[in-house]
Amino acid sequence: MVGCLTGHHYNFVLINRYRNGKDHIGEHRDAEKDLDRNSPIVSISLGQQRNFILKHGESRGKNKSKSIRPVKLALEHGSILLMNPPTNEIWYHSLPPCKTAPGVRINLTFRKIIV
Ligand SMILES: O=C(O)CCC(=O)C(=O)O
Ligand SMILES: [Fe+2]
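These numbers come from a predicted model, not from an experiment. (Residues numbered from 1 in each chain as written. Chains lettered and ligands numbered in written order. Predicted model: local features only at pLDDT ≥ 70, side-chain atom pairs only at ≥ 80, totals over all residues. Heavy atoms only, no water.)

## Some words on the environment of Lys55
Rules: Helix numbers and strand numbers start at the N terminus; a helix is a DSSP run of H or I with at least 4 residues, a strand a run of E with at least 2.
By the element assignment, Lys55 lies in strand E4 (residues 50-56). When the C-alpha atoms of Lys55 and His93 are compared, they prove to be 6.2 Å apart, with 38 residues separating the residues in sequence.

## Structural notes on the UniProt feature "domain: Fe2OG dioxygenase" (unreviewed entry) in the chain
Note the threshold: UniProt positions are given in the numbering used here, feature names are shortened, and annotations may be inferred rather than shown by experiment.
Look at the UniProt record and you will see "domain: Fe2OG dioxygenase" (unreviewed entry) annotated at residues 9-114. Taken as a whole, residues 9-114 contains 4% helix and 43% strand, while its terminal C-alpha atoms sit 11 Å from one another.

## Examining the coordination of the iron ion (ligand 2)
Stated precisely, the cut-off is as follows: Metal donors were taken as nitrogen, oxygen and sulfur atoms no farther than 2.8 Å from the ion, or 3.2 Å where the ion is Na, K or Ca. Water is excluded, so coordination may look unfinished.
Only His28 (NE2), Asp30 (OD) and His93 (NE2) from the protein coordinate the iron ion (ligand 2), and they sit 2.0 to 2.1 Å from it. Read in sequence order, the donor residues for the iron ion (ligand 2) give the motif H-x1-D-x62-H. Taken as a pair, His28 in strand E2 (residues 25-28) and His93 in strand E7 (residues 91-95) lie far apart in primary sequence, 65 residues in all.

## Some thoughts on the pairing of E4
Short version of the rule: Accessibility here uses a 1.4 Å probe with only protein chains present; expressed as a share of the type maximum, an area under 20% marks a residue as buried, one over 50% as exposed, and anything in between as partly exposed. Strands pair, by our definition, only if DSSP identifies at least two bridges between them.
Taken across its seven residues, E4 has five buried, putting it largely inside the fold. As defined by bridge partners, E4 adjoins strand E5 (residues 71-75) across five bridges and the pair is classed as antiparallel. Each residue of the ladder has a partner; that of Arg50, found in E5, is Leu75. Here four bridges tie E4 to E7, and the two strands are oriented antiparallel to one another. Bridge pairing links Ile53 to Ser94 in E7.

## Some remarks on the sheet that holds E4
The following threshold applies: Helix axes use the C-alpha atoms of the stretch in contact, all axes being lines fitted to C-alpha atoms, and the angles between their N-to-C directions lie in the range 0 to 180 degrees.
In spatial order, the strands read E2-E7-E4-E5; together these four strands make up an open sheet with antiparallel pairing. Each edge of the open sheet is held by one strand with a lone partner, namely E2 and E5. Taken over all neighbouring pairs, the strand axes of this sheet differ in orientation by 15 degrees on average, direction set aside. Sheet topology note: the E2/E7 ladder contains two bridges and is antiparallel. Paired with Ile25 across the two strands is Leu95, which belongs to E7.

Structure follows, in structure tokens:
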């Protein structure tokens, strides 16, 4: 299904389970060894809605060289988010804690690894 929707093939799925709003993931770029940089990364969200934040790599920290505003996306149940290349090279992403989110969220990310 994800392959049909996006026109790409994936051979790796990472599943994250966030028990409640305390569980979170800090700013990062996806950096699996041998991740195919030409393939989109597809994220499917199930359960509790949470915010997903994208921060431009040059607009982070004390020595930032640009002032590009972060992008906040509310990932609701059943949503599909595509990070097309080169998004993951340029932007960092995170799922911050959220006090008002009591429920469980499951996230699946489909990726392509060069084998
Ligand atoms: O849960 C999410 O929406 C993001 C997960 C993520 O960034 C990751 O597993 O690398
Ligand atoms: Fe990630």
